[in-house]
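Structural description and commentary
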Amino acid sequence: MAVDSGDVGARVRSRLLGQAGADLDTLSPPQRRLRVRDEVMAVLKEARMILPSSVVTQVVNQVSDEVVGLGPIERLLKDPEVSEVMVNGADDVYVERKGRVERVDGLVFEGEGQVFHLIERIVSPLGLRVDESSPYVDARLPDGSRVNAIIPPLSLRGPVVTVRKFTLRPFTPEDLVDIGTLTEPMMRFLGACVRAKANILVSGGTGAGKTSLLGVLCSFVPVDERLITIEDAAELRLPQPHVISLEARPPNVEGAGEVTVRALVRNALRMRPDRIIVGEVRGGEALDMLQAMNTGHEGSLSTAHANSPRDLLSRLETMALMSDVELPASHVREQIAGALDLIVHMSRMPDGSRVVARISAVEGLRSESVVLEDIFAWRRAPHSGFEATGTLPSILRMLEERDERVDPRVFSGSASGDERGGEVRGGAPWMAHAGAPDGPARPWNGVSWPGSARRLGSVVE
């Protein structure tokens, strides 16, 4: 008798989605897989079928992925080279692999019903819903991966699911230097600014690496500080022991119970934070963040979408004006100029790589406009690479007061990793992590430079 493995899988799936699988959610993953295998063997015995062991294993894997996993895309989510999965209806799946988007051939769902089942498996454990009255949702997987789903009638292609995967382990400063996102001198400077409690905003487009860089910057925060993180969907994984993670909540079926990022920012101010870290600023919470930065909550970190550091300032002004507090635009600019110290702008290159395109210092107001000075920049022509602009930012005074040492040569000439005047040989690695003690004064051509900003001019000369 010819045996159709697809028919066997359909029968097992039907049984497990019915009464036989009522307790699946209470089982551990290994126990679930054993249950699926038992059901496969039961179906074969009832139908008096015999399948090779390899085919049985294949059926078990397929059914397990759908019933207790995420169906056809489960194997894509397990692929370490895949960073994003895009399901465009039942028969069109794309992935981002090594920074490039490509179509997945031969991977189709059995129908739109299977895609709806996938969405339901993702959002149900989170208490969320997707239906005609609420046809789109933002959610996350247990590993923290971001998920967006949108269904008809808003989506004309049928149900669409986009999954942005989390890396198996968070990026480290060394990882970003190794893959060319920025150079060692740039990372040393940013690390010193984070430890000195500078207020830093990371800007860039979608998929430019803002959240990854934010997580790396947070790794420089000393371990004895209390951090409050606020996100729409919790993504940040911080190594510090004293981290309180807050997550916004959408409205329920009755349209009540919504908790916005702005409400969480206000609440965080009452939680005795040493630092407030907002995953992304996109609305009226921008004003609350600026006011917090201006009222003693130093060292705040966040991200925002923008095409450039200058565009970010305009967006911040617009977002602050979206709040329910009516302020003149000139007052908002004063808040921005007084609150922000650095803007780090991320860009995605044509080959899919991500780089720190600019590190800009906010240097106050001039003629009612916020003054920006580029410290480091990525140049594409004639020879692509990072370079220092030669500007000595005013934030160096803060670094001096808080005993953070930065080699002055970082700000002149090339920003390549070959200039390691600030590296301590034979001791600790070049990167000072959270809670690491300051090293000794670093020798440079026989002269000990203790990090005094007053001597920067003469030293560079």
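Our structure is the block above this text.
One structure accompanies this document, and this report is about it.

Reading the values: the criteria
- Residues numbered from 1 in each chain as written.
- Predicted model: local features only at pLDDT ≥ 70, side-chain atom pairs only at ≥ 80, totals over all residues.
- Heavy atoms only, no water.
- Helix = DSSP H or I, 4+ residues; strand = E, 2+ residues; numbered from the N terminus.
- Buried < 20%, exposed > 50% of the residue type's maximum accessible area, 1.4 Å probe, protein only.
- Areas by Shrake-Rupley, 256 points an atom, 1.4 Å probe, with all protein chains shown as cover.
- Polar contact = N/O pair within 3.5 Å; in protein donor to acceptor, adjacent residues only side chain to side chain.
- Contact = heavy atoms within 4.5 Å.
- Phe/Tyr/Trp six-rings, centres within 6.5 Å; stacked < 30°, edge-to-face > 60°.
- Pairing = 2+ DSSP bridges.
- Axes fitted to C-alpha atoms, helices over the stretch in contact; angles between N-to-C directions.

Here we come to the overall build of the protein chain. Along the protein chain, the regular secondary structure elements total 14 helices and 17 strands. Here the protein chain, with 461 residues, has 49% of them falling under the buried criterion. Entry remark: accessible area of the protein chain is about 22300 Å², with carbon and sulfur atoms responsible for 50%.

Right, let's get into the side chain of Arg226. Among the secondary structure elements, Arg226 is positioned in the loop between α8 (210-218) and β8 (227-231). A polar side-chain atom of Arg226 sits 2.9 Å from a polar atom in the side chain of His242. Within polar-contact distance, the side chain of Arg226 engages the backbone oxygen of Met271 at 2.8 Å. If near-sequence neighbours (up to four positions away) are discounted, Arg226 is found in contact with His242, Ile244, Met271, Arg272, Pro273, Asp274 and Arg275.

Looking at helix α12 (residues 329-339), one finds that the buried residues are Val332, Gln335, Ile336, Ala337 and Ala339. Tucked into the core, α12 has its buried residues touching α10 (285-293), α11 (309-321), β13 (354-366) and β14 (369-379).

Next up on the list: the packing of aromatic side chains. As enumerated under the stated definition, the model contains four aromatic pairs in all. For the ring pair Phe189 and Phe411, a centre distance of 5.4 Å and an interplane angle of 90° mean the geometry is edge-to-face. Of this pair, Phe189 sits in helix α7 (residues 184-195) while Phe411 is found in the loop between α13 (395-401) and β16 (442-444), placing the two residues 222 residues apart along the sequence. The rings of Phe189, Phe376 and Phe411 are connected pair by pair, giving a single aromatic cluster.

The strand order across the open sheet formed by nine strands is β9-β8-β10-β11-β7-β12-β13-β14-β15, and the pairing between neighbours is mixed. Edge positions in the open sheet fall to β9 (243-247) and β15 (385-388), since each of these has one partner strand only. Put simply, the sheet's adjacent strands are angled 25° from each other on average, direction ignored. Both strand β12 (residues 342-348) and β13 contribute to a ladder of seven bridges, which runs antiparallel. Across the sheet, Met346 pairs through a bridge with Val356, a residue of β13. Its contacts with the sheet put α11 on β7 (200-204), β11 (301-305), β12, β13 and β14, and the angle it makes with β14 is roughly 145°. In the packing of α12 onto the sheet, the strands contacted are β13 and β14, and the crossing angle to β13 comes to about 120°.

Turning our attention to the environment of Thr181. Structurally, Thr181 is set in the loop between α6 (173-178) and α7. Note on Thr181: relative accessible area 4%, which makes it buried. With 167 residues separating them in the primary sequence, Thr181 and Arg348 have C-alpha atoms 9.9 Å apart. In contact with Thr181, other than residues within four places in its own chain, are Leu176, Met346, Arg354, Val355, Val356 and Phe386.

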